[in-house]
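Overview (structure and organization)
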Amino acid sequence: MPVLQGRRRPPHLDRTAAALPRLPGHRNHPLTETPSTAPPRGQPHGHRRTTTHPPSRFGGPPWKVTTITPEYTPADRRAVLDRAARLRQLSEADRDAIRLAQDPRFPRWLEQITATGGCAHPVHLSGSTTTLDGTTGEILHHYDTRAEPGERLLVRCRNRRATVCPACSRLHAGDTFHLVRAGLLGGKNIPATIRNRPRLFVTLTAPSFGPVHRAGERCRPRRDGATCEHGRPLGCGTVHIPDAPVVGQPLCPDCYDYPGHVLWHAHASKLWDRFVIDVRRRLASAAGLVQSQFARYARLSFARVAEYQKRAAVHVHAVVRLDGPNGPDDEPPVWGTADRLIDAVRTSARRVQVHTPYSPAVGELALRWGAQFDARPLHANSDGPADDAVAAYVAKYVTKGASETGAGIDHRVTTWSDIDTAPVSAHVRTLMRDCWRLGALPEYEPLHLRTWTHTLGYRGHILTKSRAYSTTYAVLRAERAHHVGHTDLPGTTTDRNWRYVGSGHTPGAALIAAGLADDIARNREAAADERSTRDGGFV
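One structure accompanies this document, and this report is about it.

Procedures and definitions
Residues numbered from 1 in each chain as written. Predicted model: local features only at pLDDT ≥ 70, side-chain atom pairs only at ≥ 80, totals over all residues. Heavy atoms only, no water. Axes fitted to C-alpha atoms, helices over the stretch in contact; angles between N-to-C directions. Helix = DSSP H or I, 4+ residues; strand = E, 2+ residues; numbered from the N terminus. Parallel < 35°, antiparallel > 145°, perpendicular 65-115°, else oblique. Left-handed = near helix turned anticlockwise from the far one by under 90°. Contact = heavy atoms within 4.5 Å. Nonpolar A, V, L, I, M, F, W, Y, C, P; charged D, E, K, R; others polar. Polar contact = N/O pair within 3.5 Å; in protein donor to acceptor, adjacent residues only side chain to side chain. Phe/Tyr/Trp six-rings, centres within 6.5 Å; stacked < 30°, edge-to-face > 60°. Buried < 20%, exposed > 50% of the residue type's maximum accessible area, 1.4 Å probe, protein only. Lys NZ or Arg CZ within 6 Å of the ring centre and 35° of its normal.

Let's talk about the packing of helix H6 (residues 268-286) against helix H7 (residues 338-351)
For the pair H6 and H7, interaxial distance at closest approach is 8 Å and the crossing angle is 130 degrees. Considering their axes alone, H6 and H7 lie oblique with respect to each other. The way H6 lies across H7 gives a crossing that is right-handed. Side by side, H6 and H7 meet where Phe275, Asp278, Val279, Arg282, Leu283 and Ala286 of the first sit next to Arg340, Leu341, Ala344, Val345, Thr347, Ser348, Ala349 and Arg351 of the second. For the contact of H6 with H7, a count of residues per class yields eight nonpolar, two polar and four charged.

In structure tokens:
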């Protein structure tokens, strides 16, 4: 007797019985259909139907399944159709939100969204965390995402741009406020005595690359009605409102120095470094010291933020403070006064310059700071809100993205066609095109201009600070994690195993998260107004 290959023979297999033929349309065929009996009167389950399926492939008899078909009334059918019609009239986001709200695990999903503060683009993680006793190895706590909706955990994206994620940008602005404020008033392990140190609020601007339209009483009044070599007027007598689209646009795009604008952006961070070094040298020379000995007597601490102007050029706001050699813990020397600090800052702002690499297309440019300069001393005997206002002013510009200020976009461009389709003004589009063209030249390859085309060539951080100015973002985030209890216990060992599985929201989830983030923001504004009223008008 031959042996079946690959699988065991069923014990009930009878090969002597001939297999029943497979009949076409077996469900309604008269040879395979079994008459169904109607249910008793009043039975709610409807008609009972017996379906005979084809025989098994081993030749056994057909098997039968009895199904119960519910009996719907015309009113039930109309209700279902009306509900389907109403759902079709809703947007995709509304339909998805209804689907989420009807999910049995919706409360836990809503808890995750609340924990992220309504983040617009949360990161999805999958994995587990196990906390063990460091001595006995006993498992004290175990968390696994397999018990979560979708088997994943949502965490914040931490994007600083308000145009990308309003919830995370507000959190980042709060961290920036406390970081700058601690360097002005103390706190966060910074002594309060720094308020008596020489401190300045400095503004440095970009130079002029050509006349642009301005907001004010009259834009650029001229009596002679002169025109440029391209036949365009050099003046404008119109009174522009601050939000007018023409503000910041050049009077003559052909006369505007677009290559110089792009190259100045690419060297702005280096120009700031040269400025800080020269300020130290000016202070040392004013005190009669050798420049290399400045660090033995004093230390220059700062925090600066970059802001795009209406003409799409970056200018810098900075808080500058003079400390002793060990930073905030040391008093500055007696010769370190606010007047000397202002003189050193003014002199350095006029003197420092950076030369670009020579290019046959552009030549060699000497880049400097603009003529508009401002340095205001922050007095120790002034009211507290003045320092808070400086910190709030700096924090406000940290969260602004390039697209919000009208100077570029918030994502990188990879092709020339991306520049043509970017939602920017003609002035900014021309800057992006020049940035892309200059990035192809070998002499400008170290500047990575094509990589930073979306920011018009500027490749520095929005906020930078010296090491000894104040606390750091990492310390502030660790304090927040400790406040909510997300820290390791002493004497324990934590085993973490996490992986990235996705990001973002479905349309309905994004709608719910946006509403939750808006509610949190309104609650914070109401709490701030209450504190302001309670404290006499000062937040």
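Quick look at the side chain of His315
Counting through the fold element by element, His315 comes out in strand S8 (residues 314-323). Engagement of the side chain of His315 in a polar contact is seen with the side chain of Glu307, the distance being 2.8 Å. Not counting residues within four places of it along the chain, the set of residues in contact with His315 comprises Leu204, Thr205, Ala206, Val305, Ala306, Glu307 and Gln309.

Some remarks on the environment of Phe302
Assignment of secondary structure puts Phe302 in strand S7 (residues 299-308). Along the primary structure Phe302 and Phe201 are separated by 101 residues, whereas in three dimensions their C-alpha atoms are 9.7 Å apart. When residues no more than four places from it in sequence are discounted, the contact partners of Phe302 are Trp272, Val276, Val319, Val320, Thr464, Lys465, Ser466 and Tyr469.

Describing the packing of aromatic side chains
Scanning the entire structure with this criterion turns up nine aromatic pairs. Ring geometry for Phe275 versus Trp369: centroids 6.5 Å apart, planes at 80 degrees, classification edge-to-face. Here Phe275 is found in helix H6, whereas its partner Trp369 is found in the loop between strand S10 (366-367) and strand S11 (373-377), with 94 residues between them in sequence. For Trp369, a relative accessible area of 7% gives the class buried. Among the aromatic residues, ring-to-ring pairing joins Trp264, Trp272, Phe275, Phe302 and Trp369 into one connected group. The residue whose ring lies beneath Arg412 is Trp452, and the NZ or CZ to ring-centre distance is 5.1 Å.

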